[in-house]
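The lines below spell out each chain.
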Amino acid sequence: MDPQVSMQEWNQYPDILDNVNLTTLSFADNVLDNRPVPTRAGLYIYLNATLQTRPAFEDSAVIDFLNARYKQDISTLISDLILASFDALSNAMYRNDPPKSINLFRSFLVNKIPVFIGQNYSSLLFSPTTVEHCVRRALSRLDPTAFPQTFDPLGRNNLLSEARVEFLFACALHELIPESSIKEILDEAPLQSLPAGGRYSKDDLVQQCTANPAKIEEYIAELENMEGNAGEIAGAIVEILHSLCANNDTMTLKTVCNSICRKLPALDVVMLFTRPSTLLRPLCHLLDNWQDHEDQNEYQPVYDEFGGILLFVAAVQHRFALQPEEVGTGNPDSFLLNYFRRGSSSQPLDALTDHENHLLGSWIKGLFETEGISDELMSTCKPKEFHLLVATLFDQSLKARQANVLPLDTLRGGLEYVLEPFLLPSLIMGFTWFAHHLWEVSDEVKNVDAILPALQALLKPPSMSHDSSALHSVVLCIVAKPLSDSLIHVQKLHPSRPDISPLLAVLNPYTQNERQDVAALNELISWSSTQGGSLLAALRQTIRALVLWTTNSASSADASPTSYTHTQILSTIRMLGAQSVLNLLIDEATDHLQTNADQALDIIVIMILTASLSSLQSSSTKRHLSLRESLQSQFAEVENLSKTDPVRASTIVRLHRRVDAFMGPKPGDAAANNEDFMAGVVHAADGMPTANIDDVLGEAEEQIASAQGFLAGDNSSLLGIA
């Protein structure tokens, strides 16, 4: 560009740098940036991160993210969000994700996106633009091979084709598009129609279920339908649970909890519309402050109701890998915190109080002698006390068997009594104690001979009632993985034993019921075997594939998304540390400065953002350094780095600036707190912001680069300005 021309154009903006002392600007202040480009891959990564592990699509956080990303371009926001939702579903399908994951992405597209758009963005569109225009634009960019227009009886993509039809009817249900437009959009007459019951209302559902509690189970079953009504059903279920807690209607509450437990995948859909802690908080308060009814004469129903509610809370905690602090109890001394932290640990007898020792003896007599479990015992032993005593009870029972004090048949008979519905939820901590204990047993046969028959009695009883069988399945969903792992360990010590494989066969169908941020073993093996650097090389390949795809998709309307899983970057961080991963991301952003720089920056920024948020929600008890914290650390040293590697330093500045734009200043960071929320502000000598580069200097960047003295010569490449 001719400097004279650029100076003439620069004269049109004479006041932009008034009162700015250029000699006092830091290196970071001098790094100019292009206006961020919201790429197709960026939003695709973001949605994968919010759905692929624990559902974490929280409306307020997503709205903040989208508003920062798209500013006032609402039509592009809507069409990109729809397109990314289809991309994420297609990715889950082609990666052969488990059916529960595919169904969640599908439900998100059909049940969540129309509601989210209708509540937050449809009214912000200005005529003549409508939601229908946005829908048409998004669907026109889908890969026709992934989402075929016509139904193919032999095609594997029928699910994706059906999802498009379901999405359109959900949009019509929520009045985002006219129903009459669906045939024109599909270019054929749809086989589907609007749901017979029309659009549900949460308040109406609550009234129906309050008048007839049997309706609750019907609506729980409907949560998995792809019709657009799941949000209202989820809202009604949450309100009903909270109302039952407030009214202390523990009998109905237990029934509702048991109904949901029989449909555990439906919880994933509920979490699209609420947080786990919001769902559980009233139930946790009820359990922590459990009070028997004043006219209580029989105590078996008390155990039955308490156990059913506790089982539901434990099922939610396990499915979404919640830490005890995340469950929803605010009291540090609460029963539930003690239960999740220490409930599976056996206590030495001399560590028990006199009351606890008395209760332990009473339960041993009740289970293994002729007395039975009496109302007197249950009236003196509160349900909370019993569930915290179960691990010690099992431990003492096994020790009695090992000492030949307790005959094997008596042990089996007593343990089978625990399979009664009112005691069965106690097996959560009972089985967990077994899982821990099996890792501690020596290779002596007598130790295993005592444990395995007890497990067989609890895992493979000769018979169970229908109610017990349903509860037993829920308990196994919670304990199967750790118990299976410990049995495999024992099997390696005793490979000739024939009684372990049948127990593993019982557990195997229940071992995949968590939604955790842990990669599958076959994926880890594949990434680790990548040539040129194993895990980091695999992550580099993923980034480059995403950059290539998002670049091609800008010119090719039907580019299929590249394969992506959020667990890849999380697993790499766990194994190699955030600093190593961040260095790779900085390298990739720097390497792309000359080609596809904006696309690479956006993709890498979203990776840092989503991985950092996931680390805050991590199920790990010891949280590792996040990518954002590592970036913050490197940014603090950018002034020194600029003297030896100014190109890399400028990349760190840009990444830090954009991550902060989405996440805000890091709490406790004084330097960040002195900056505007949207980084990239030019500061005057008095420290006050005078202009925002993203808004004011974005369009005049090249003119500024030519006009300002500190950008002369090689400094343009130093700052990464092409």
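Residues numbered from 1 in each chain as written. Predicted model: local features only at pLDDT ≥ 70, side-chain atom pairs only at ≥ 80, totals over all residues. Heavy atoms only, no water.

## Observations regarding the overall build of the protein chain
Looking only at helices and strands, one finds 37 helices and two strands in the protein chain. Counting every position in the protein chain, which comprises 722 residues, the buried fraction comes to 54%. Looking at the protein chain alone, contacts between residues at least 24 apart form 76% of all its contacts between residues at least 6 apart. (Helix = DSSP H or I, 4+ residues; strand = E, 2+ residues; numbered from the N terminus. Buried < 20%, exposed > 50% of the residue type's maximum accessible area, 1.4 Å probe, protein only. Contact = heavy atoms within 4.5 Å.)

## Regarding the nonpolar core
Counting 113 residues, the largest nonpolar core has Phe 312, Trp 363 and Leu 455 as its most contacted members. The residues touching Phe 312, leaving out its near neighbours within four places in the chain, are Leu 241, Cys 257, Ile 260, Cys 261, Leu 267, Leu 279, Leu 280 and Leu 283. Membership of the second largest hydrophobic core comes to 101 residues, among which are Met 93, Ile 185, Leu 570 and Val 653. (Core = buried A, V, L, I, M, F, W, Y, C linked by side-chain atoms within 4.5 Å.)

## Thoughts on the packing of aromatic side chains
Applying the stated criterion to the full structure yields 19 aromatic pairs. Taken together, a centroid distance of 4.9 Å and an interplanar angle of 70° make the contact between Phe 57 and Phe 108 edge-to-face. On the criterion of sequence distance, the pair formed by Phe 57 in the loop between helix 3 (40–51) and helix 4 (59–70) and Phe 108 in helix 6 (residues 99–120) is long-range, its members being 51 residues apart. Summarising the burial analysis for this pair, Phe 57 and Phe 108 share the class buried. (Phe/Tyr/Trp six-rings, centres within 6.5 Å; stacked < 30°, edge-to-face > 60°.)

## Describing the pattern of salt bridges
Per the stated rule, a full pass over the model turns up 29 salt bridges. Asp 97 is paired through a salt bridge with Arg 95; the nearest N and O atoms lie 3.3 Å apart. Note that Glu 588 is salt-bridged to Arg 544, the shortest N-O span being 2.9 Å. Taken together, the residues Glu 588 in helix 29 (residues 578–591) and Arg 544 in helix 27 (residues 534–555) connect sequence positions 44 residues apart. A cluster of three or more residues bridged by salt bridges with shared partners is formed by Asp 33, Arg 654 and Arg 658. (Salt bridge = Lys/Arg side-chain N within 4 Å of Asp/Glu carboxyl O.)

## Regarding unusual backbone geometry
Here the bond from Ser 127 into Pro 128 is cis, since omega is 10°, no more than 30 degrees from zero. Of note, Pro 128 is situated in the loop between helix 6 and helix 7 (131–140). For Asn 248, which is not glycine, the phi torsion reads 55° and is therefore positive. Tracing the chain through its elements places Asn 248 in the loop between helix 12 (230–246) and helix 13 (250–261). We classify Asn 248 as partly exposed; its relative accessible area is 29%.

## As for the confidence of the model for the protein chain
Caution applies to low-pLDDT regions: their predicted coordinates should not be interpreted in detail. The predicted model of the protein chain averages 84 in pLDDT, with 84% of residues at 70 or higher. Looking across the protein chain, the model is least confident in strand 1 (residues 681–683), with a mean pLDDT of 35, and most confident in helix 12, with 97. Considering only residues more than four positions removed or in separate chains, one finds that residues 1–14, a stretch of pLDDT under 50, has 11 contacts. This stretch, residues 19–23, has a pLDDT under 50; its non-local contacts, to residues over four places away or in other chains, come to nine contacts. (pLDDT = per-residue confidence, 0-100.)

## Comments concerning the state of the cysteines
Working definition of a disulfide: a covalent bond connecting the sulfur atoms of two cysteines. Scanning the entire structure with this criterion turns up zero disulfides. Cysteine Cys 261 is unpaired, with the sulfur of Cys 257 as its nearest cysteine sulfur at 6.6 Å. For Cys 261, a relative accessible area of 4% translates into the label buried. (Disulfide = S-S within 2.5 Å.)

## Notes on the environment of Lys 71
Considering the arrangement of structural elements, one finds Lys 71 in the loop between helix 4 and helix 5 (74–94). Assessed through its relative accessible area of 35%, Lys 71 is described here as partly exposed. Within polar-contact distance, the side chain of Lys 71 engages the backbone oxygen of Ala 68 at 2.9 Å. (Polar contact = N/O pair within 3.5 Å; in protein donor to acceptor, adjacent residues only side chain to side chain.)

## Observations regarding helix 13
When the terminal C-alpha atoms of helix 13 are compared, their 16 Å separation across 12 residues agrees well with the 16 Å that a helix rising 1.5 Å per residue should span. Of all 12 residues in helix 13, 10 are buried, a share of seventy percent or more. Among the residues making up helix 13, those that are buried are Thr 250, Thr 252, Leu 253, Lys 254, Val 256, Cys 257, Asn 258, Ser 259, Ile 260 and Cys 261. Turning to helix 13, the residues buried within the fold contact helix 11 (214–222), helix 12, helix 14 (265–270), helix 15 (276–288), helix 16 (300–319) and helix 24 (466–493). (Expected span 1.5 Å × (residues − 1).)

## Details of helix 21 (residues 408–417)
Taken together, the buried positions of helix 21 are Leu 411, Gly 414 and Leu 415. Buried positions in helix 21, seen along its axis, are confined to an arc of 95° and lie on one side of it. (Arc of directions from axis to C-beta.)

## A word on the packing of helix 20 (residues 383–402) against helix 22 (residues 427–440)
Angle between the axes and distance between the axes are the two parameters that describe a pair of packed helices. Their axes nearest at 8 Å, the elements helix 20 and helix 22 cross at an angle of 50°. One way to sum up the angle between helix 20 and helix 22 is to call them oblique. The chirality of how helix 20 crosses helix 22 is right-handed. The segment helix 20 lies against helix 22, with Val 390, Ala 391, Phe 394, Asp 395 and Leu 398 engaging Leu 427, Gly 430, Trp 433 and Phe 434. Across the contact of helix 20 with helix 22, the residue classes break down as seven nonpolar, one polar and one charged. (Axes fitted to C-alpha atoms, helices over the stretch in contact; angles between N-to-C directions. Parallel < 35°, antiparallel > 145°, perpendicular 65-115°, else oblique. Left-handed = near helix turned anticlockwise from the far one by under 90°. Nonpolar A, V, L, I, M, F, W, Y, C, P; charged D, E, K, R; others polar.)

## Overview of the environment of Ala 450
Looking at the secondary structure, you find Ala 450 in helix 23 (residues 445–459). As a C-alpha pair, Ala 450 and Asn 404 span 46 residues in sequence and 9.7 Å in three-dimensional space.

## Some details on the environment of Thr 511
Among the secondary structure elements, Thr 511 is positioned in the loop between helix 25 (501–507) and helix 26 (521–528). The class of Thr 511 is buried, set by a relative accessible area of 13%. The contacts of Thr 511, once residues within four sequence positions are left out, are Ala 480, Lys 481 and Ser 484. Polar contacts involving the side chain of Thr 511 include one to the main-chain carbonyl oxygen of Asn 508, which spans 3.0 Å.

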